[in-house]
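Inside the fold
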Amino acid sequence: MTNPHPGLPELEYLKPASLAEASKFLADHAGQARPFAGGTDCFVRLRDGVLKLNALVDVKGLDGTQEISFDPSKGLTIGAAVTMNRIAAHPDVIKYYPNLVEAVNSVASYQLRNRATVIGNICNASPAGDTIGTCLVLEGVLNVHGVAGMRQIPLKTFFTGPGKTVLQPGDIVISITLPVPPKGCVGVYKKLGRNIISDLSIVGVTVMGYPSSESQSGYRFKIALASVAPTPFEAVQAEAVLSEKKVTAETIAEAAQVAMDSINPIDDVRGSARYRKYMVRNLTREALTEVWSKLTH
Ligand SMILES: Cc1cc2nc3c(=O)[nH]c(=O)nc-3n(C[C@H](O)[C@H](O)[C@H](O)COP(=O)(O)OP(=O)(O)OC[C@H]3O[C@@H](n4cnc5c(N)ncnc54)[C@H](O)[C@@H]3O)c2cc1C
């Protein structure tokens, strides 16, 4: 039960000088310490007594966490300490990743985005994370430092359940790399919340589309869904419909129906399972129609 008299408990605060020191401390204090960036998720959970820790490890001084850079062959790298507002204002992000700007700007308020990070959004592993869909359809890869050094984890293999990831004690996500979007790529993020400011999504639909000679239809669409399963995920069966059949209003409606049939959401305070299913169908159709219109005009 949520603490009726919330207050932030006393904690040890660490700002390690090196990645090795940070990973070692976290591994030695597994279950008692966590890394943090903006704190907009973990401070709330600590305050409410939902998360219990003895120490927090600040990642903002660690090598690579302040980086935001674009390389025309490698793509965009966003460090764990880069706030959402910094991302949305970056000229290369605006030019090459407008869908990420849209997703980032759908999160709560400008004030919150001054602290909140995309890596924190990902590591929090909420099924409702607003920036996760865009990172999934762009095939993001996480750069992770652990006790054995650096390794890469594709985002699509990262989530194991609500609030759960494949990260091991000592692991710190340093950054995410988003490959260069395919040529001609356009996209949209549809977020349904109870209000337009500061609420988590009831349903979130990310759609990206681009011309592709590898698809029978001549186009490839990618669809990621949020808040309708234990983890955000890519609706691959719905995507396949649009690769295999000529893209028309009917094909789009069929793909949206397949997306709806592929989910088994839960009832919660923000919406019923039934409502979520219908909203997935409607918003997927709406998003696909918008992306198709952008691709063909
Ligand atoms: C009022 C309010 C409104 C919100 N609205 C939205 C919304 O509309 N959409 C939405 O998606 N979210 C929303 N959130 C949730 C939150 O703001 C986001 O998830 C945010 O992106 C978290 O980033 P952060 O840097 O603050 O994470 P933190 O709180 O610092 O960390 C979040 C989690 O990730 C882990 N973590 C952080 N950094 C790392 C790292 N480098 N390596 C490994 N683990 C790490 C932490 O241990 C923690 O478990 C809201 C929160 C509040 C308080």
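Keep in mind it's a predicted model, so treat the numbers as computed, not measured.

The subject of this paragraph is the nonpolar core. Counting residues in each nonpolar core, the largest one holds 52 residues, and the members touching the most others are Leu-100, Ile-122 and Leu-142. Contacts of Ile-122, omitting those with residues within four sequence positions, involve Ile-132, Cys-135, Leu-142, Leu-155, Phe-158, Phe-159 and Ile-176. In terms of nonpolar packing, the next biggest core, distinct from the first, is built from 28 residues, Val-205, Leu-225, Ile-252 and Ile-263 among them.

In this section: the packing of helix H10 (residues 249–261) against helix H11 (residues 273–296). Interaxial distance between H10 and H11 falls to 8 Å at its minimum, and their mutual angle equals 145°. The chirality of how H10 crosses H11 is right-handed. Contact with H10, carried on its side by Ile-252, Ala-253, Ala-255, Ala-256, Gln-257, Ala-259, Met-260 and Asp-261, involves Lys-277, Tyr-278, Val-280, Arg-281, Thr-284, Arg-285, Leu-288, Thr-289 and Trp-292 of H11 and no other residues of that element. A class-by-class count of the residues in the contact of H10 with H11 yields ten nonpolar, three polar and four charged.

Sheet analysis places strand S2 (residues 33–36) next to strand S3 (residues 55–58), joined by four bridges and oriented parallel. Its bridge partner being in S3, Phe-36 is matched across the sheet by Asp-58. Handedness of the crossover joining S2 and S3 through helix H2 (residues 42–47): right-handed.

Turning our eyes to something else, we now look at the site of the ligand. Around the ligand, 34 residues are found, and the nearest of them are Pro-35, Thr-40, Asp-41, Thr-117 and Asp-130. In the model, an oxygen atom of the ligand is placed 2.7 Å from a nitrogen or oxygen of the Arg-34 side chain. Note that an oxygen atom of the ligand is positioned 2.6 Å from one of the backbone N or O atoms of Pro-35. Computed on the free molecule, the ligand has an accessible area of 990 Å², of which 90% lies beneath the protein chains in the complex. Those elements that provide at least two residues to the shell around the ligand are S2, H2, helix H7 (118–124) and strand S10 (172–178).

When cut into domains, the protein chain gives domain 1 (12–58), domain 2 (68–178) and domain 3 (186–296). Relative placement of domain 2 and domain 3: their C-alpha centres are 21 Å apart. If you look at the interface, domain 2 gives 22 residues, while domain 3 gives 22 residues. Of the roughly 1,700 Å² buried at the junction of domain 2 and domain 3 (both faces included), carbon and sulfur atoms supply 59%. Of all residues in domain 2, the largest losses of buried area upon contact with domain 3 belong to Pro-127, Asp-130 and Val-137, amounting jointly to 32% of the total for that side. Put simply, domain 2 and domain 3 have two salt bridges between them. Where Asp-130 meets Lys-191, a salt bridge forms, and the shortest distance between an N and an O atom there is 2.7 Å.

Bringing the packing of aromatic side chains into the picture now. For any pair of aromatic rings, geometry is given as the distance between the ring centres together with the angle between the planes. Scanning the entire structure with this criterion turns up seven aromatic pairs. Considering the side-chain rings of Phe-70 and Tyr-96, the 4.3 Å spacing of their centres and the 15° angle between planes classify their relative orientation as stacked. Taken together, the residues Phe-70 in strand S4 (residues 68–71) and Tyr-96 in helix H4 (residues 91–96) connect sequence positions 26 residues apart. Owing to a relative accessible area of 32%, Tyr-96 belongs among the partly exposed residues under this scheme. Through a chain of ring-to-ring contacts, the aromatic side chains of Tyr-13, Phe-36 and Phe-43 assemble into a single cluster.

This part is about helix H1 (residues 19–28). Here H1 has its buried residues at Leu-19, Ala-22, Ser-23, Phe-25 and Leu-26. In a view along the axis of H1, the buried residues occupy a sector of 160°, so they form one face of it. Turned more than 90 degrees off the buried face of H1, the exposed positions are Ala-20 and Lys-24. The inward-facing, buried residues of H1 abut strand S1 (12–14), S2, S3, strand S6 (141–146) and S10.

What follows covers the environment of Phe-25. Checked against the element boundaries, Phe-25 lands in helix H1. Of the residues examined, Phe-25 reaches a relative accessible area of 14% and is grouped as buried. Note: C-alpha distance between Phe-25 and Pro-169 (144 residues apart in sequence) is 9.4 Å. Filtering out sequence-adjacent residues up to four positions away, Phe-25 remains in contact with Glu-12, Leu-14, Ala-33, Ala-55 and Val-57.

Right, let's get into the packing of helix H9 (residues 236–244) against H10. Relative orientation of the contacting elements H9 and H10 amounts to 165°, with a least axis distance of 8 Å. One element, H9, and the other, H10, form an angle in the roughly antiparallel class. Remark: the crossing between H9 and H10 carries right-handed chirality. On the side of H9, the interface is formed by Gln-237, Ala-238, Val-241 and Leu-242, while H10 contributes Thr-251, Ile-252, Glu-254, Ala-255, Val-258 and Ala-259.

The rules we used
Residues numbered from 1 in each chain as written. Predicted model: local features only at pLDDT ≥ 70, side-chain atom pairs only at ≥ 80, totals over all residues. Heavy atoms only, no water. Core = buried A, V, L, I, M, F, W, Y, C linked by side-chain atoms within 4.5 Å. Buried < 20%, exposed > 50% of the residue type's maximum accessible area, 1.4 Å probe, protein only. Contact = heavy atoms within 4.5 Å. Axes fitted to C-alpha atoms, helices over the stretch in contact; angles between N-to-C directions. Helix = DSSP H or I, 4+ residues; strand = E, 2+ residues; numbered from the N terminus. Left-handed = near helix turned anticlockwise from the far one by under 90°. Nonpolar A, V, L, I, M, F, W, Y, C, P; charged D, E, K, R; others polar. Pairing = 2+ DSSP bridges. Right-handed = clockwise from strand over helix to strand, strands pointing away. Near = heavy atom within 4 Å. Polar contact = N/O pair within 3.5 Å; in protein donor to acceptor, adjacent residues only side chain to side chain. Areas by Shrake-Rupley, 256 points an atom, 1.4 Å probe, with all protein chains shown as cover. Domains from an automatic or database assignment. Buried area = accessible area lost by both parts, 1.4 Å probe. Salt bridge = Lys/Arg side-chain N within 4 Å of Asp/Glu carboxyl O. Phe/Tyr/Trp six-rings, centres within 6.5 Å; stacked < 30°, edge-to-face > 60°. Arc of directions from axis to C-beta. Parallel < 35°, antiparallel > 145°, perpendicular 65-115°, else oblique.

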